[in-house]
Amino acid sequence: MNNLNIAVDVFPYKEDIWSICDYSGEQIYSKLALPLFSLEKGEVELLGAESFQQTADSLRITIRKDLFWSNGDNVKAADYVRAIRHICYDENNRYNKILASVAKLGSETEIHNDHSFTIQTSWYDPFIIQYLSLLNFSPKHEHSDDVSAGPYVLLKKQDNVYQLVANKYFTLDKHLPNVEKINYLLVEKDPNGEAFFDGKVHVSCNTAVNLKNYRTFTAKQNFVAAEGNLMMILSPGRKFDKLPDYVKEILTCKINRSSIAARYDNILKPVTSWMSVYFDGSYHPLRDTITYSKNSFVIDISYEDFYPNDEILEDIAEQLSCFNIEVRKHQDKYGYWRSESHLRFEIRKIPQRNPVQIIRSDLSHVSTSHVKFEKIKKLYSLLFTEALSSQQPEIFKAIDFYLREQCLSLPLFIFPTGFFCHSSILENTLYAPGRKVLIKETVSEN
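As annotated in an unreviewed UniProt entry, the protein carries the name ABC transporter substrate-binding protein and is attributed to Erwinia plantamica.

Structure follows, in structure tokens:
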């Protein structure tokens, strides 16, 4: 198969690999990516890196010598350093603080030679390798952003297609049969995989599937189920601080996730704590101590119009109306969170291995004047105490408890993805960063 057509329901709203932060963008740009590390079944694996050594105040990385740009140039340590600096100094980049918080800015990197560099750190961070597995930390060429060090090169970008071609100098999947050209086609609504069965695509969109038919789809030969990948959440919006405490308490304790999941054949998995995902269902439960108020309140919730966001918000609104709370919905354009809302309903990718990226994101909403700010800050600092590494699960759970108690963390459901896939494709290579899409055998095109 030389040409592969993959359906996506929306195109990225960022247009370079160093700032991509949406789910569709990650799918497409993962094929242009070559991060230093990858996460395989929750374990960190070397990818662009050949080896690393971490100390209390530094991380030294040696990169592979068989990495090449799509123009034939060797990838050098300076190219990775360039990407790291680009992200650390771009305040508009979503991942700006992920390394900037630990790296010594101004002297954060030192290049030793073409294949080795060091990141100077302010403290020992046991999660830094996990950060560097993000596709955003792929190398950045000295002269051109149009060349790629990853398995594919972006050939053209139009209103209805992103077209990628194989990087002929990419060596990590050498001698393995692979797809030479990938076309990502915009198929906005495809709940039953019609584009696949009509022969328009070889891989259907993995977030468009009708959840009420999900169990039926799993029995079909070409369907690939993927659970535990995405989380539906309510996150703080711009007006979050204007929510009365009693409303926060109701939101935290009184949303009946199970009744909503039942409407979708229980395919949505109710979740009340991020920690239950990472620690075998274990987390510190909250006590229901709500003192009900007779006052009415209007809560503004913004969302993007993707299935089934609007439907689920309607269910939540109906439940909250029993507590004299009216939900006012605001639809935002994809990627542009402009609404003046108390909360945002969003679907977020679940990080592998541990929840540090989620915890850091939720902590960013904690005001320094918050009554429990110092307590949460102290707990968070314990995660970076090497002697306490074996106690990380309990530390995470304690932080999570306080965040949920203050309504700063409201996970709702694990949202299962699934897609129809041509039988010749190795489906686990479709969305893997830094890896070509591999085929099982040579077949004629459809």
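Topic: the pattern of salt bridges
Scanning all chains against the criterion turns up 18 salt bridges. In this structure, Glu340 and Arg238 form a salt bridge, with 3.2 Å as the shortest nitrogen-oxygen distance. In this pair, Glu340 sits in the loop between strand E14 (325-332) and strand E15 (343-349) while Arg238 sits in the loop between strand E11 (223-236) and helix H7 (245-253), placing the two residues 102 residues apart along the sequence. Residue classification places Arg238 among the exposed positions, given a relative accessible area of 52%. The partner of Arg348 in a salt bridge is Glu346, and the shortest N-O contact between them spans 3.5 Å. Each member of the pair, Arg348 as well as Glu346, is classed as buried.

Focus on the pairing of strand E3 (residues 43-46)
Alignment of strand E2 (residues 37-40) against E3, held across four bridges, turns out to be antiparallel. Bridged to Phe37 within E3 is Leu46. Hairpin remark: E2 followed by E3, antiparallel, with two residues in the connecting loop; positive phi at Lys41, about 55°.

Brief notes about the packing of helix H11 (residues 356-363) against helix H13 (residues 392-405)
Contact geometry of H11 with H13 gives a least axis separation of 11 Å together with a crossing angle of 35°. For H11 against H13, the interelement crossing comes out left-handed. In this structure, H11 uses Val356, Ile359, Asp362 and Leu363 to contact H13, whose residues at the interface are Phe396, Ile399, Asp400 and Leu403. Here the residues of the contact of H11 with H13 are counted per class, giving six nonpolar, no polar and two charged.

Remarks on the nonpolar core
Core analysis: the largest hydrophobic core is formed by 143 residues, its most contacted members being Leu99, Phe117, Leu132, Leu251, Ile299 and Ile399. Every residue in contact with Phe117, bar those within four places of it in the chain, is listed here: Leu36, Leu59, Arg60, Ile61, Ile63, Ala77, Tyr80, Val81, Ile84, Glu110, Ile111 and His112.

Things to note about the environment of Arg404
Mapping Arg404 onto the fold places it in helix H13. Since its relative accessible area comes to 3%, Arg404 is described here as buried. Separated by 236 residues in the primary sequence, Arg404 and Lys168 have C-alpha atoms spaced 49 Å apart. Not counting the four nearest positions on each side in its chain, Arg404 is found in contact with Thr252, Thr272, Ser273, Tyr283, His284, Leu286 and Ser409.

Considerations on the environment of Asn3
Along the chain, Asn3 falls in strand E1 (residues 3-8). For Asn3 and Glu180, which are 177 residues apart along the polypeptide, the C-alpha to C-alpha distance reads 6.4 Å.

Rules and cut-offs
Residues numbered from 1 in each chain as written. Predicted model: local features only at pLDDT ≥ 70, side-chain atom pairs only at ≥ 80, totals over all residues. Heavy atoms only, no water. Salt bridge = Lys/Arg side-chain N within 4 Å of Asp/Glu carboxyl O. Helix = DSSP H or I, 4+ residues; strand = E, 2+ residues; numbered from the N terminus. Buried < 20%, exposed > 50% of the residue type's maximum accessible area, 1.4 Å probe, protein only. Pairing = 2+ DSSP bridges. Axes fitted to C-alpha atoms, helices over the stretch in contact; angles between N-to-C directions. Left-handed = near helix turned anticlockwise from the far one by under 90°. Contact = heavy atoms within 4.5 Å. Nonpolar A, V, L, I, M, F, W, Y, C, P; charged D, E, K, R; others polar. Core = buried A, V, L, I, M, F, W, Y, C linked by side-chain atoms within 4.5 Å.

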